[in-house]
There are 2 protein chains.
Amino acid sequence: MAGGVGSRFWPVSRAATPKQFLDITGVGRTFLQQTFDRFASIIPVENILVVTSKFYFQIVKDQLPLIPECNILLESYKRNTAPCIAYATAKIATKCPDATIVVAPSDHYIDSVDNFSRMIVSAMDYASGHDKLFTIGVPPTRPETGYGYIQYVRKSEQKVGDYTLYPVKVFTEKPNASLAAVFLSSGEFLWNSGLFVWRLSTINNALRKFLPKIYDAFNNISGVYYTEDEQAIVDKIYESCEAISIDYGVMEKADNTMVFRASFGWSDMGTWEALYCQSRDKDDNGNLIMAEEAMLSHTEDNIIFSDEIGKLVVLKDLSNYMVINTRDVLMVCPRSEEKFKQILADLAVKGKSNFQ
Amino acid sequence: MAGGVGSRFWPVSRAATPKQFLDITGVGRTFLQQTFDRFASIIPVENILVVTSKFYFQIVKDQLPLIPECNILLESYKRNTAPCIAYATAKIATKCPDATIVVAPSDHYIDSVDNFSRMIVSAMDYASGHDKLFTIGVPPTRPETGYGYIQYVRKSEQKVGDYTLYPVKVFTEKPNASLAAVFLSSGEFLWNSGLFVWRLSTINNALRKFLPKIYDAFNNISGVYYTEDEQAIVDKIYESCEAISIDYGVMEKADNTMVFRASFGWSDMGTWEALYCQSRDKDDNGNLIMAEEAMLSHTEDNIIFSDEIGKLVVLKDLSNYMVINTRDVLMVCPRSEEKFKQILADLAVKGKSNFQ
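Residues numbered from 1 in each chain as written. Chains lettered and ligands numbered in written order. Predicted model: local features only at pLDDT ≥ 70, side-chain atom pairs only at ≥ 80, totals over all residues. Heavy atoms only, no water.

Novice: Just checking my understanding: could you explain the interface of chain B and chain A for this structure?
Specialist: The figure often quoted for interface size is the accessible area lost as the parts come together. Contacts between the two partners involve 36 residues from chain B, matched on the other side by 36 residues from chain A. Of the roughly 3,000 Å² buried between chain B and chain A on both sides combined, carbon and sulfur atoms contribute 60%. It is M295(B), K316(B) and L330(B) in chain B that bury the most area against chain A; as a group they hold 24% of the surface buried on that side. Joining chain B to chain A, the criterion identifies six salt bridges. Where the side of chain B that touches chain A is concerned, the elements lending two or more residues are β13 (293-300), β15 (312-319), β16 (321-325), β17 (329-334) and α11 (337-349) of chain B. Broken down by element, the side of chain B that touches chain A gets its largest block of residues, seven residues, from β15(B). (Contact = heavy atoms within 4.5 Å. Buried area = accessible area lost by both parts, 1.4 Å probe. Salt bridge = Lys/Arg side-chain N within 4 Å of Asp/Glu carboxyl O. Helix = DSSP H or I, 4+ residues; strand = E, 2+ residues; numbered from the N terminus.)

Novice: Got a minute to help me understand helix α4 (residues 113-127) of chain A in this structure?
Specialist: Residues separated by three or four positions in an α-helix point in the same direction, a consequence of the helix having 3.6 residues per turn. Between its first and last C-alpha atoms α4(A) spans 20 Å; for 15 residues at 1.5 Å apiece the expected length is 21 Å, and the two agree. Turning to α4(A), its buried residues number three or more, namely F116(A), S117(A), M119(A), I120(A), A123(A), M124(A), Y126(A) and A127(A). (Expected span 1.5 Å × (residues − 1). Buried < 20%, exposed > 50% of the residue type's maximum accessible area, 1.4 Å probe, protein only.)

Novice: Is there a simple way to explain the packing of helix α6 (residues 200-210) of chain A against helix α7 (residues 212-219) of chain A in this structure?
Specialist: If you want to describe how two helices pack, look at the angle between their axes and the distance between the axes. Residues and elements named next belong to chain A. At their nearest, the axes of α6 and α7 sit 5 Å apart, and the two run at 125° to each other. Our classification of the angle between α6 and α7 gives oblique. For the pair formed by α6 and α7, the contact residues are N204, L207, R208, K209 and F210 on the first element and P212, Y215 and N219 on the second. Classifying every residue of the contact of α6 with α7 by side-chain character gives four nonpolar, two polar and two charged. (Axes fitted to C-alpha atoms, helices over the stretch in contact; angles between N-to-C directions. Parallel < 35°, antiparallel > 145°, perpendicular 65-115°, else oblique. Nonpolar A, V, L, I, M, F, W, Y, C, P; charged D, E, K, R; others polar.)

Novice: Looking at this structure, I do not really get the relation of the copies chain B and chain A. What am I missing?
Specialist: Two copies of a chain can be linked by a rotation about an axis combined with a shift along that same axis. Rotating chain B by 179° and moving it 0.0 Å along the rotation axis overlays it on chain A with an RMSD of 0.1 Å. Each copy turns onto its partner about a two-fold axis. The residues that chain B uses at the interface reappear at the interface of chain A in 100% of cases, marking a shared surface. (Least-squares fit on C-alpha atoms with pLDDT ≥ 70 in both.)

Novice: Looking at this structure, I do not really get the sheet that holds β13(B). What am I missing?
Specialist: Hydrogen bonds between backbone groups are what pair the strands of a sheet, and the pairing can be parallel or antiparallel. Taken together, six strands build an open sheet; the order of strands is β12(A)-β14(A)-β16(A)-β17(A)-β15(B)-β13(B) and the sheet is mixed. Looking at which strands have only one partner, the edges of the open sheet turn out to be β12 (288-290) of chain A together with β13 of chain B. The sheet shows a mean angle of 5° between the axes of neighbouring strands, taken without regard to direction. With four bridges connecting them, strand β14 (residues 303-306) of chain A and strand β16 (residues 321-325) of chain A associate as parallel partners. For S306(A), the partnering residue across the bridge sits in β16(A) and is N325(A). (Pairing = 2+ DSSP bridges.)

Novice: Just to check I follow, could you spell out the pairing of strand β2 (residues 72-75) of chain A for this structure?
Specialist: Taken residue by residue, a regular strand's side chains alternate between the two faces of the sheet. Burial along β2(A) is two-sided: I72(A) and L74(A) facing one way and L73(A) and E75(A) facing the other are all buried. Read from strand β1 (residues 50-53) of chain A through helix α2 (residues 57-63) of chain A to β2(A), the crossover connection turns out right-handed. (Right-handed = clockwise from strand over helix to strand, strands pointing away.)

Novice: Teacher, can you tell me more about the pairing of strand β5 (residues 133-138) of chain A here?
Specialist: Residues and elements named next belong to chain A. Among the six residues in β5, six count as buried, and that is most of the element. Because side chains alternate across β5, one face comprises the buried residues L133, T135 and G137, and the other comprises F134, I136 and V138, equally buried. Two strands pair when backbone bridges link them, and β5 and strand β10 (residues 257-261) are joined in this way by five bridges, in the parallel orientation. Paired with G137 across the strands is R261, a residue of β10.

Novice: In this structure, what is going on with the packing of helix α3 (residues 81-95) of chain A against α6(A)? I would like to understand it.
Specialist: Residues and elements named next belong to chain A. The contact between α3 and α6 brings their axes to 11 Å, and the two run at 130°. Classified by the angle between their axes, α3 and α6 sit oblique to one another. Regarding α3 and α6, the two cross each other, and that crossing is left-handed. Contacts between α3 and α6 involve I85, A86, T89, I92 and A93 on the former and, on the latter, L200, I203, N204 and L207. Residues of the contact of α3 with α6, tallied by class, amount to seven nonpolar, two polar and no charged. (Left-handed = near helix turned anticlockwise from the far one by under 90°.)

Novice: Looking at this model, I keep getting lost on the pattern of salt bridges. Mind explaining?
Specialist: Two side chains carrying opposite charge are able to pair once their charged atoms lie near each other. Counted under the stated rule, the structure contains 30 salt bridges over all chains. D317(A) is the salt-bridge partner of K339(B), the closest N and O atoms lying 2.8 Å from each other. Taken together, the residues K339(B) in helix α11 and D317(A) in strand β15 (residues 312-319) connect one chain to another. Residue classification places D317(A) among the partly exposed positions, given a relative accessible area of 21%. Residues E293(B) and K352(A) are paired through a salt bridge, measuring 3.0 Å at the closest nitrogen-oxygen approach. Taken as a pair, E293(B) in strand β13 and K352(A) in the segment after α11 (337-349) lie in two separate chains rather than in one. Judged by relative accessible area, E293(B) falls into the partly exposed class, the value being 22%.

This is the structure in structure tokens:
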């Protein structure tokens, strides 16, 4: 899933180049490419599908040259994750109705490719023999209010090889701070990573049951997949399709959901603040520095980003700010999600939409 | 006089392009060009000499294409203003011993070309008939500690056409804050603008008397001016020449100094802070904005500069800072001369001298 328009890393992420297509931390591969790399080691490339906005076709093609063009599924409207998954599942069904499928966001950070791949292989192996909707939950380390949580049934814990699996009690939306603290201390919640593993027939049964219109729309056109007509007809479906997430539309309603306890480090890193909190590369004064050259004094707990080549960033007497410098935007803003959101809102209001 | 190396507008001014060669406020002409323009309206171009560092020859030639090359006098070492004036005066003497000379810094701001030119013409006219060292003093409007002051003899005020002239009582160096306040309230002090008007014979007599070595060095080589040997011989003189200002070396010691009360708005604008204080173009929140596009909120009393084309500057919750963005440096620093100087010092200490 690579369709997000993410303004949350503005001004680095833009409508034209959202987060999944960026290498914000400077590792040499974009989030999308890193996601591809993780799966390419365990799944044949021709079995990897990317669902993205039609505006990003060329970017995906350029960043993932190994993926066949017909595996890049294009969405003409933003309709959240349920239609995305229904479309891909229906298309896969025409070639491989017995498939076991992994659904993955393309803009998350995962710390160990090895731990990730081994766990995914085990989960797929297990899922292929069980009519359940599996998700992967990450043990929370802080009362994060930016993630959804999954409450699991601790007493029904079971082992699958090296891994631990629980029945899901309930999926919950992003909690407020006090609720998040309760979730964390209870020891019965995991973060919802957005990673799903299931048999094709299992998810299709669930879609048919809980989102029948969406299911029908994509499965009634089986004949057009992999033909010249596919895009035009899919465009029409997307136009009138309900926008709904797979969590809200299916997972929260189904009674056959299970959650694996993740054995790898994971972060959505969906915001500058999340990136800051996750980073292990801060300097002694708590500055997260992503810039070629910086000269700091009396400067603490800042997020400092500059991707202009040859630029020296000089900061003095500044604390708890974001200093973000790109080719065409320089932003200095307190490290506050709320204030940052005000800037994003101001861009439209104040006629700076060409910088969005 | 265009020899200053000015790091005081760093990172906009650099060793390679000091302030006089910049158009910091964005009027379309550099300080040097504006200075030239003011004089070109009242003095034949072939009578305008520019004294600068040999490193800046090409910049001066490019910025002032109308000035003959032999009128660009090159200093191979920094020796302050007295040698600069002695050199130019000695060279002028070979062609025009009866000249009346105006000496002007090339990096000051003057608000009215008309008022300036008319006053200079009157001052030159008067100076040509009087064996005095004339300077131009600016009525102070605040207790500025960044300028030198001239105390004048109020009771000996005289009128020269539309202008007021006083004998000088004493030249004083930059005062501390409390002394500056006394100067301002006394009504007997003017700011030293660094503009001088005198007959060639008058300044030469003063140089001979107070700085005889410097006087002799440049007047003993009259035969080489305007020849191929000039530069090499002048280089040798500069190498061993004392570095001393005309104020300290001559004006403070002479007993025939007079000061015109300036009839034009003037500012040294020698620092970001001075530029800020002088500017009449601040926004309603006290921000001085020199940038193509800016989006500010809860942002007060800042100096905001960016000369990158197409760049949007976004600031939120920031007050009393300098945010200065150039091609290769981004600086965020409190509006404090002291903290700014620490940055300049750090550049050398921390091995960032390539940005000096």
